[in-house]
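Commentary on secondary and tertiary structure
Residues per chain, in single letters:
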Amino acid sequence: MAKINFDKHIYEGWTVRDFIEELEPQLDMIQTGNSCYRPMKTRAEIRSWTADNQPYYKKPVTDVVNYFCNRYGIT
């Protein structure tokens, strides 16, 4: 498991931690089946979803993707 730098600056004051905190409630709902979206099973799905749903910055952030893949046991 790669070490995640939560304090890494990504975009205009936003850090890895900020993006995680913004996305985590929605992704938790999806991954626990409490959403109209099906739970994600691949790293590619997590990568695409996080990029599409991050505020302001629409490129995948590796540390954000790694955090969620680790959290949900996705390899």
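An account of the accompanying structure is given in this report. By convention here, each chain's residues receive numbers from 1 onward along its written sequence. Residues qualify for local features only when their pLDDT is at least 70, as the model is predicted, and side-chain atom pairs are given and counted only at 80 or more; totals for whole chains, interfaces and linings, by contrast, use all residues. To obtain the side-chain values, all non-hydrogen atoms of the structure were used and water was disregarded.

This part is about helix H3 (residues 62-72). Note on classification: 1.4 Å probe, protein chains only; a residue is buried when its accessible area is under 20% of the maximum for its type, exposed when over 50%, partly exposed between these limits. By definition, any uninterrupted DSSP run of H or I lasting at least four residues is a helix, any uninterrupted run of E lasting at least two residues is a strand, and each is numbered from the N terminus. Of the positions making up H3, those classed as buried are Asp 63, Val 64, Val 65, Asn 66, Tyr 67, Phe 68 and Cys 69. On its buried face, H3 is in contact with helix H1 (16-31) and helix H2 (43-53). In the stretch just after H3, Gly 73 is the one whose phi turns positive, near 70 degrees. Here, two residues are considered to be in contact whenever any of their heavy atoms come within 4.5 Å of each other.

Next up on the list: the packing of aromatic side chains. Here a Phe, Tyr or Trp ring, Trp counted by its six-membered ring, pairs with any other such ring whose centre lies within 6.5 Å, and the pair is stacked when the planes are under 30 degrees apart, edge-to-face when over 60, and tilted otherwise. Inspection of the entire model under this criterion finds 7 aromatic pairs. Consider the rings of Tyr 67 and Phe 68, whose centres lie 5.1 Å apart with planes at 75 degrees: the pair is edge-to-face. Per residue, the accessibility class of Tyr 67 equals that of Phe 68, and both read buried. Members of the aromatic cluster, connected to one another through ring pairs, are Tyr 11, Trp 14, Phe 19, Tyr 56 and Tyr 57.

Another point: the packing of H2 against H3. To get an axis, a line is fitted to the C-alpha atoms, and for a helix only the part in contact is used. The angle between two axes follows their N-to-C directions and goes from 0 to 180 degrees. Across the interface, H2 lies against H3 with an axial gap of 9 Å and an inter-helix angle of 130 degrees. With respect to their mutual orientation, H2 and H3 come out oblique. The handedness of the crossing between H2 and H3 is right-handed. In this structure, H2 uses Arg 43, Ile 46, Arg 47 and Thr 50 to contact H3, whose residues at the interface are Thr 62, Val 64, Val 65, Asn 66, Phe 68 and Cys 69. For classification, angles of less than 35 degrees are called roughly parallel, those exceeding 145 degrees roughly antiparallel, those between 65 and 115 degrees roughly perpendicular, and all remaining angles oblique. In this scheme the handedness of a crossing depends on how the near helix is turned from the far one: anticlockwise by less than a right angle means left-handed, clockwise means right-handed.

Let us now look at unusual backbone geometry. In this structure, Glu 12 takes a positive phi of about 40 degrees despite not being glycine. Turning to its location among the elements, Glu 12 is positioned in the loop between strand E1 (9-11) and strand E2 (14-15). Assessed through its relative accessible area of 63%, Glu 12 is described here as exposed. The phi dihedral of Tyr 56 is positive, around 70 degrees, even though this residue is not glycine.

As a further point, take the side chain of Gln 54. Along the chain, the position of Gln 54 falls in the loop between H2 and H3. Polar contact criterion, stated in full: a pair of N or O atoms within 3.5 Å, where within protein one must be able to donate a hydrogen and the other to accept it, and residues adjacent in sequence count only if both atoms are side-chain atoms. Reaching out from Gln 54, the side chain makes a polar contact with the backbone oxygen of Tyr 57 at a distance of 2.8 Å. The contact partners of Gln 54, leaving out residues within four places of it in the chain, are Phe 19, Leu 23, Lys 59, Val 61 and Val 64.

Distances and angles like these do not, on their own, reveal function.
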